[in-house]
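Spelled out, the chains give:
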Amino acid sequence: SRIDVVHLAPSSQFSPITNESLLSATKTKYHLPDSFILYVGDVNWNKNLPTVIKAAKEINFPLVIVSKTFSEQDPNSNHRELQSLKEAQKLAQELSSLLVLSAIKPNYLAALYQSAVSLVFPSYYEGFGLPVVEAFASGCPVITTKGGSLGEIVGPAALITKAQDYHKIGQYIQEMAVNLKLRKHHIRLGQTQAKRFTWEKTAKETINVYNKILNQYA
């Protein structure tokens with residue numbers, strides 16, 4: 001009763017791109033494969049990146065990772081918080097097609113989302129899950145879990161799996177890659193879902209919380 005939930009939102013820069021030259025330039029600039037899945041985010045234990053890599057390896061599907069953390073080498077490699085990163089880096093050595101980008105500007109990231117077969121985001125837990133709504137807003141299907149907030153955030157728009165089930169994730173990736181009707185269906189659902197989240201709405205709801213507290217103690 002003392003908690004008010006205020007959702008975050010994607011930047012307005014994340015939207016479907018009709019400029020074919022930008023999409024082509026993004027592919028050329030980052031040497032993108034013709035077909036690939038995408039992971040965007042940190043590499044904490046809850047992000048479950050090793051499972052994404054296992055799924056990509058099992059079906060031999062190109063994977064693009066956008067993560068500054070993944071590229072970093074930490075001397076304290078035995079720290080418990082770095083075990084997922086170590087595992088992901090080790091598994092990645094066995095991938096036949098992997099591209100890692102440590103930083104990318106929002107307009108190129110939007111083009112990257114739109115070019116991907118799917119964002120694969122099988123988190124154990126999320127407080128919100130910003131890459132998911134960025135993908136939705138950009139016209140990218142999503143494969144994810146119901147971990148933490150994700151079930152609430154994605155609604156009916158994403159393909160849902162258990163976090164460690166890389167076999168199922170691989171199956172979903174293949175379905176998205178070959179079934180254009182399925183992919184377009186989830187793109188439409190995702191774009192509808194993304195409209196629920198705007199920074200204007202976030203600001204208004206935050207102000208409402210402050211006003212409620214002020215009125216209680218006025």
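Look up a bit, the structure's there.
Novice: Help me understand the overall build of the protein in this model?
Specialist: Within the protein one finds 10 helices and six strands. With respect to the principal axes defined by its C-alpha atoms, the protein has extents near 65 × 45 × 30 Å. Classification of the 218 residues of the protein by burial places 47% in the buried group. Put simply, of all contacts in the protein between residues at least 6 apart along the chain, 72% involve residues at least 24 apart. Within the structure as shown, the protein displays about 11,700 Å² of accessible surface, and the carbon and sulfur contribution to it stands at 52%. Across the protein, the mean location of the 23 positive side-chain charges is 4 Å away from that of the 17 negative side-chain charges.

Novice: Which parts of the structure should I look at to understand helix α8 (residues 166-178)?
Specialist: In an α-helix there are 3.6 residues to a turn, and that puts residues three or four apart on one side. Spanning 13 residues, α8 covers 18 Å between terminal C-alpha atoms, matching the ideal 18 Å at 1.5 Å per step. Taken residue by residue, α8 has I169, G170, Y172, I173 and M176 as its buried positions. For α8, the angular spread of buried residues about the axis comes to 160°, placing them on one side.

Novice: In this structure, what is going on with the sheet that holds strand β5 (residues 142-144)? I would like to understand it.
Specialist: The strands that make up a sheet pair up through hydrogen bonds in the backbone, lying either parallel or antiparallel. Ordered by their spatial adjacency, six strands build an open sheet running β3-β2-β1-β4-β5-β6, and the pairing between neighbours is parallel. Of all the strands in the sheet, the pair left with one neighbour each is β3 (98-101) and β6 (159-160). Pairing of strand β1 (residues 37-40) with strand β4 (residues 118-121), which is carried by two bridges, proceeds in the parallel orientation. Bridging from a neighbouring strand, L38 pairs with L119 of β4. Its contacts with the sheet put helix α5 (residues 106-115) on β1, β2 (63-66), β3 and β4, and the angle it makes with β1 is roughly 140°.

Novice: I tried to follow helix α9 (residues 180-194) on my own but got confused; where do I start?
Specialist: For α9, built from 15 residues, the straight-helix expectation of 21 Å at 1.5 Å per residue is met to within 8% by its first-to-last C-alpha distance of 21 Å. Inspection of α9 places L182, R183, H186, I187, G190, Q193 and A194 among the buried residues, and these make up the whole buried set. Viewed along the axis of α9, the buried residues span an arc of 135°, placing them on a single side of the element. Facing away from the buried surface of α9 by more than 90 degrees, the exposed residues are L180, K181, R188 and T192. Buried residues along α9 sit in contact with α5, α6 (130-138), α7 (150-154), β6 and α8. Capping the start of α9, N179 holds a side-chain oxygen 3.2 Å from the backbone nitrogen of K181, two or three residues further along.

Parameters and conventions
- Residues numbered from 1 in each chain as written.
- Predicted model: local features only at pLDDT ≥ 70, side-chain atom pairs only at ≥ 80, totals over all residues.
- Heavy atoms only, no water.
- Helix = DSSP H or I, 4+ residues; strand = E, 2+ residues; numbered from the N terminus.
- Buried < 20%, exposed > 50% of the residue type's maximum accessible area, 1.4 Å probe, protein only.
- Contact = heavy atoms within 4.5 Å.
- Areas by Shrake-Rupley, 256 points an atom, 1.4 Å probe, with all protein chains shown as cover.
- Lys, Arg positive; Asp, Glu negative; His and termini not counted.
- Charge placed at Lys NZ, Arg CZ, Asp CG, Glu CD.
- Expected span 1.5 Å × (residues − 1).
- Arc of directions from axis to C-beta.
- Pairing = 2+ DSSP bridges.
- Axes fitted to C-alpha atoms, helices over the stretch in contact; angles between N-to-C directions.
- Polar contact = N/O pair within 3.5 Å; in protein donor to acceptor, adjacent residues only side chain to side chain.

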